[in-house]
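Each chain, written out:
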4 protein chains.
Amino acid sequence: MGKQEIRYAAKVDLDKPAAEQEVLHNRWHPDVPFAGTIKNGEVVKIECVDWTGGQIGNNDSADDVRDVDLTKIHYLTGPFEIETAEPGDVLVVEIQDVQPLQEQPWGFTGVFPKDNGGGFLDDIFPKAAKAIWDFEGIFCSSRHIPGVRFAGLIHPGILGCAPSPEILATWNKREGELIEACTHMDRIVAQPPNATNVHAGSGEGDIKEKVGKEGARTIPGRPEHGGNCDIKNLSRGSKVYLPVHVKGAKFSVGDLHFSQGDGEISFCGAIEMAGVITIKFTVMKGGMEQLGMKSPIYIPGPVEPQFGPGRYIYFEGFSVDENGKQHYMDATVAYRQTCLRVFEYLRRFGYNDYQIYLLLSCAPVQGHIAGIVDIPNACTTMGVPIDIFDFDISPHIIAEKKDLGSCAFASNH
Amino acid sequence: MGKQEIRYAAKVDLDKPAAEQEVLHNRWHPDVPFAGTIKNGEVVKIECVDWTGGQIGNNDSADDVRDVDLTKIHYLTGPFEIETAEPGDVLVVEIQDVQPLQEQPWGFTGVFPKDNGGGFLDDIFPKAAKAIWDFEGIFCSSRHIPGVRFAGLIHPGILGCAPSPEILATWNKREGELIEACTHMDRIVAQPPNATNVHAGSGEGDIKEKVGKEGARTIPGRPEHGGNCDIKNLSRGSKVYLPVHVKGAKFSVGDLHFSQGDGEISFCGAIEMAGVITIKFTVMKGGMEQLGMKSPIYIPGPVEPQFGPGRYIYFEGFSVDENGKQHYMDATVAYRQTCLRVFEYLRRFGYNDYQIYLLLSCAPVQGHIAGIVDIPNACTTMGVPIDIFDFDISPHIIAEKKDLGSCAFASNH
Amino acid sequence: MGKQEIRYAAKVDLDKPAAEQEVLHNRWHPDVPFAGTIKNGEVVKIECVDWTGGQIGNNDSADDVRDVDLTKIHYLTGPFEIETAEPGDVLVVEIQDVQPLQEQPWGFTGVFPKDNGGGFLDDIFPKAAKAIWDFEGIFCSSRHIPGVRFAGLIHPGILGCAPSPEILATWNKREGELIEACTHMDRIVAQPPNATNVHAGSGEGDIKEKVGKEGARTIPGRPEHGGNCDIKNLSRGSKVYLPVHVKGAKFSVGDLHFSQGDGEISFCGAIEMAGVITIKFTVMKGGMEQLGMKSPIYIPGPVEPQFGPGRYIYFEGFSVDENGKQHYMDATVAYRQTCLRVFEYLRRFGYNDYQIYLLLSCAPVQGHIAGIVDIPNACTTMGVPIDIFDFDISPHIIAEKKDLGSCAFASNH
Amino acid sequence: MGKQEIRYAAKVDLDKPAAEQEVLHNRWHPDVPFAGTIKNGEVVKIECVDWTGGQIGNNDSADDVRDVDLTKIHYLTGPFEIETAEPGDVLVVEIQDVQPLQEQPWGFTGVFPKDNGGGFLDDIFPKAAKAIWDFEGIFCSSRHIPGVRFAGLIHPGILGCAPSPEILATWNKREGELIEACTHMDRIVAQPPNATNVHAGSGEGDIKEKVGKEGARTIPGRPEHGGNCDIKNLSRGSKVYLPVHVKGAKFSVGDLHFSQGDGEISFCGAIEMAGVITIKFTVMKGGMEQLGMKSPIYIPGPVEPQFGPGRYIYFEGFSVDENGKQHYMDATVAYRQTCLRVFEYLRRFGYNDYQIYLLLSCAPVQGHIAGIVDIPNACTTMGVPIDIFDFDISPHIIAEKKDLGSCAFASNH
């Protein structure tokens, strides 16, 4: 009688390469074999490696960030068969808890170099940088960014069900067209399928080859299934409604974050960690039609850290770029400017630019689309919580430059 | 001894054309004469007309919205001389209260037709539409959108100090270049100076002519001074820090909103109203340099309506447009898709598309930039509060189409 | 077409004695004549005088507090006939707004002397004292308690429907028995009917005499109808469900507060003011039986000032009194001790005891019954918001005595 | 380099009697030997048994509750030596996390029979009853109280430092005097020292005898050190400031709760569990004098579950008891009445009285002291969150009796 201990649907081994673990995979493809089966209505725990599969160390150099092999990333745990789920259903995923692995109470935030991953501001801040965060219960702090400490809004960066072959084909076609159309740009605009270092779980041989050839990369979120949405509020207690496209759903999850800011601007911008997520799965038969659903929806849980509305400083940005050029209603340009305003503000206290870049990526900053109709300027805002700092950053206080150390850089920076 | 009644720095007359009232003006220009003087440290009340200067009536036709004369809009109250303020200072504006005018306890939300103002989704929803909102204390409801009722997050859409001649020249240059560059587009991308219906307050003759010829239109917010930011959280109790560019600051305010959603997507999307704002003005000498300030910042007040984090449904959108085309990290496309997902969801309950368009513009929806680094997809979200509806819109409830009436349309729609 | 200006169901005249205004009364009795009629479903505005009917002035002496005539207090506006309401119904009162009168933007908090009203701590702090608060929009501050400023949680201290003759008789009986039983105590324990200065609205002659002889004093709240509950969270947007005991309900309201702390410990502890309340009235037929209701219930509105849970300092108190005597599970003793702990804490910053007494009475402090089962000690807590102070009162800061002036005292104190 | 796994300062063994574990003890006494040493500034994990030391089973009978041996309860983990702590210091305890033991994902709430522990309402509800709660991440639900589910506000019921001999003597004297004074009452009013089943950790022989003879029982919280405060908001992220009375502080903790309501009215009213608490200890030298501290204070963490102020139904109670007797300003009587009003309300949905008693004890209800000055009636309120129920309990909904099963009762009830 009574409650049993909650079952682990999958465990990971931090001492073993991610590529050798059958419960992991790193491509979205309907043919990746099931890593296990979960009942409709069941609650399970699922362990996840960090999104790089352990490529980043707890040390004071960003060499590992600089050298990350991006063909090996986003190892997800799964895919799981959810009993009774069929195409057209909605899979209701209640995130009952997320925890770091007890044996690894730390995480990392990285700025990727422009030529290996990059980030939202990589043309301004092109170097590799890193901050290590120590977890103390619900709080985290970093020796690389002194003066801040906050409660994590812990969540998975990636979760979703496998695409059907048709959806996968759509993804590859439309992203391929973008790559075609942007060959003149001096940057990678999307990642096409790439067989290098593909990991298809227990799938070997032909399956692995097929997954490598066709499988969608896990970097972007995509409207049809969610995936790498990097939504900071998808935390403890949230309910996510996911479209199902293949029999058994083939649900995968990974890329756990101890905390993230809206936008996750430095790409590896959350506090990345290995951890365990507790999920209740429920199948909503015919849910996609019933909800008129084309993309996932979610309802946050009740336990988000609350600072009080008056404990944020909000910065404004507009679609005029740093060269003074006017863009038409471009929220991306506006948000970029919003971020730069925060750099200018926080620099006054003694932080270096890469510390700020790391901090805005991972702290619980609120990024809002304020106005997107007053032509030609979109206006976006970023709210920075005052209470994550252990000194007062309020505008009525005269800023004094402090000795705030440095984040980790790569050896040749 | 004791507190005097708070002084009105300006009053408006709803029975008189806005163009004939000397405390109003409708262009940003350093030469608009002062409408009054306010002491450093003083608290005053300032009355404002609605942004159209009374062009919209409390009736059931959207003809007035369809026919709005956009050369006559955004009548602002001011500009006020703030004693001691000089270029380089920051003007601290504490919004102590905002109230509708007691004699006009209603407001309106409009969808502007594509060929006269338009909006964020005007290519999909090109017609004029309107909803009238009745105010009941802190709450509002509309006969045109039955089934919803909410507390307003009341705020000014526009506030800012006058540009210097140099800043004004910059604005006109960069927006002119955009207009030049976009002549191929089938739409108005920015509004250049236009002498038609210019109102320069008490400025007549040469001054008025100059303001008409050079004065910046009030439609967009602009980084150098704020202006029409349409930030829904700039509500009661907020403190805004505004750069000062001319002697005396020349502060103006207007475009009061009873409520607005993030993005204000239908352009006239807030609940527009005439009202009175109570402000405390404080000059922060040398504040621009001290704060490293290029654009305004603000701190919200403590009294925002709180629904609890778990009382929102969040919708996701990505930078893949409705034709399936992949865009590169375009937050504007993503937010557009996010909005469309809410249309699909709310349509199931019986609302027509224009009712939804109006509602998402003015209700306190949360628009977030969730992830803006996972190439090629930006991900944005919109949180819709469940508790503004008087029926349950939760996803676990089977939606039933109700008779939810209609918003107002134009006669020839 | 369209919304009319909201009707005033009653207006008061601040230049006329309260006792001469027919829309006011100061006793609970079923025979006080109706002051007006309100439709079921109607929204009206109702003006109220402050609870003393104007006995307290905006000055720097507490002589007026010391000399208040307590037979003249708690002038309520009403009673109103609510159409269709009958005994057994529930009157749903939605408080849509509360505002100070525009011509009187200030209020007061008083410590009543022990021999004229007293308060929760009158044996320790027996003198009269006063603070005047100036209103600045949603905020208030006091020249008598420098260093604090906060947004008001504005609300009515008193609202309720008239008792039936049977209920009135019950009140008089049970309170009379208490007075009888406590003749040995060195204090007034309840106020029996008292004809002195009775005001029965438009009721004169026999009616007035009867009301004077039998009418219940308005000081205590009472379970059967609510009355003077002094619940700080009954603010804008709240819905109160009130039992109806007589035909037409005979609803009265008054004792408006700009702000109050849990407990309102100094008796005249809220920020007392004259003002106007906007209410929507709805009759719920047979509501008392349907809700199993013996006492009022309410649902707060969504706009309470939010500081964030981590922005309070909580003090603990137990049922051991200041003489070291152990009481059995006495929450009143425990709350008294809790209050005293805050005195000790705030004194360190330079406030005098009466300033603290006034402040804890009117600022939005949270008073909780934490544990009421661990014999013999009840444990209560008081949460004091850090952000109402303009200096940092956090425990990790070394307290420095400042010059914080003084509250007003009576001339002979 | 980098963060080590957090050290366990103490572990418990659920398969071994609590009385045989040296890291546990069940009396407050300065002579209980140290169970370990913790550095000033250190973060450690501490495991705790449930407050009964495992006397209650996960089953459907309340026999175990009925028969609990109250001489064996409140096994605390500790006492720990905190290095550098001395009398007069303050021990700052930051609760970084609290978790149930992974191998025991359930807890219990009990109503103790009147003749063995009792509770706040034991004269009305004298029987033994029990509910078992299953934990699903941050949520809990019970087969004994269907229809409710909520996120736990997880916290320790008891924490504090050991009393000095002088303080201990004071406790025994004042509680003894209460017992003396109340011999006429038909109930136990306090628990004097009792050698039966004393557990003094590793202390044996003379020490154990002394602890048994003099040691204070752990049931009540006490002003001088805190102890069993049962404060529901002392949850993750909270900082508690505890007076130090003996060298090394001798800090103990236990009685972990998954959730509790204000008042914890049924005595064993929280959701009691075995678990692990992560604490950071910091010594504040001379803190008692510096803070003017006589009783502990605390600052809550930022992650309390938030429902939104408008998602509570508040019930009112006054100091008139259920026999109609008027009490003078008695908050205990008022809170009792407040509770009874909730019974009457929830009964309408089909819950039995003991289910309601259990629920109000453990769900996150808000118990406020609303007004404690309006003689003779104290007014208290209880806010019940609407969103913990999976059906709508709003007053505008017609209540329907449902089949809501039953809590567990004792076999002979």
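Refer to the structure presented above.
Parameters at a glance
- Residues numbered from 1 in each chain as written.
- Chains lettered and ligands numbered in written order.
- Predicted model: local features only at pLDDT ≥ 70, side-chain atom pairs only at ≥ 80, totals over all residues.
- Helix = DSSP H or I, 4+ residues; strand = E, 2+ residues; numbered from the N terminus.
- Contact = placed C-beta atoms within 7 Å.
- Least-squares fit on C-alpha atoms with pLDDT ≥ 70 in both.
- Buried ≥ 20, exposed ≤ 12 C-beta atoms within 10 Å, placed from the backbone.
- Pairing = 2+ DSSP bridges.
- Expected span 1.5 Å × (residues − 1).
- Arc of directions from axis to C-beta.

Draft legend 1. Structural detail: the environment of Asn377 of chain D. Within the secondary structure, Asn377 of chain D is located in the loop between strand S20 (366-371) and strand S21 (379-385). Separated by 44 residues in sequence, Asn377 of chain D and Val333 of chain D place their C-alpha atoms 9.8 Å apart. Beyond its immediate sequence surroundings of up to four residues, Asn377 of chain D is in contact with Pro220, Gly221 and Arg222 of chain C together with Phe318, Ser319 and Val320 of chain D.

Draft legend 2. The arrangement of the relation of the copies chain C and chain B in detail. Of the transformation placing chain C onto chain B, the axial shift is 0.0 Å and the rotation is 180°, giving an RMSD of 0.0 Å. Put plainly, the chains are arranged around a two-fold axis. Among all residues of chain C, the one whose C-alpha sits closest to the rotation axis is Val303 of chain C, at a distance of 2.7 Å.

Draft legend 3. The arrangement of the pairing of strand S14 (residues 239-243) of chain B in detail. All names here are of chain B. By the criterion of burial, S14 is predominantly enclosed, with five of the five residues buried. Burial of S14 is two-sided: the residues Lys239, Tyr241 and Pro243 facing one way and the residues Val240 and Leu242 facing the other way are all buried. Relative to S14, strand S6 (residues 90-100) is paired through five bridges, and the arrangement is antiparallel. Its bridge partner being in S14, Val92 is matched across the sheet by Tyr241. Strand direction decides the pairing type here: S14 and strand S18 (residues 297-299), joined by three bridges, are antiparallel. Bridging across to S18, Tyr241 finds its partner in Ile297.

Draft legend 4. Up close: the relation of the copies chain A and chain B. Mapping chain A onto chain B leaves a residual RMSD of 0.0 Å; the transformation is a rotation of 180° accompanied by 0.0 Å of translation along its axis. Take the interface residues of chain A: 100% of them recur as interface residues in chain B, which is what a same-surface contact looks like.

Draft legend 5. Just the interface of chain C and chain B, in detail. Between chain C and chain B, the residue contacts involve 31 residues of the former and 31 residues of the latter. Counting only elements with at least two residues in the side of chain C that touches chain B, the list comes to strand S6 (90-100), strand S8 (129-136) and strand S17 (275-284) of chain C. Sort the elements by how many residues they give to the side of chain C that touches chain B and S8 of chain C lands first, with three residues.

Draft legend 6. Fine view of helix H2 (residues 165-181) of chain D. Residues and elements named next belong to chain D. An ideal rise of 1.5 Å per residue puts 24 Å on 17 residues; H2 measures up with 24 Å between its terminal C-alpha atoms. Along H2, the positions that sit buried rather than exposed are Ile167, Leu168, Trp171 and Glu175. Down the axis of H2, the smallest arc covering the buried residues is 100°, so these residues share one side. Residues of H2 that are exposed and point over 90 degrees away from its buried face: Glu166, Ala169, Lys173 and Glu180. Looking at the buried side of H2, the elements it contacts are helix H3 (205-214) and strand S12 (221-222).

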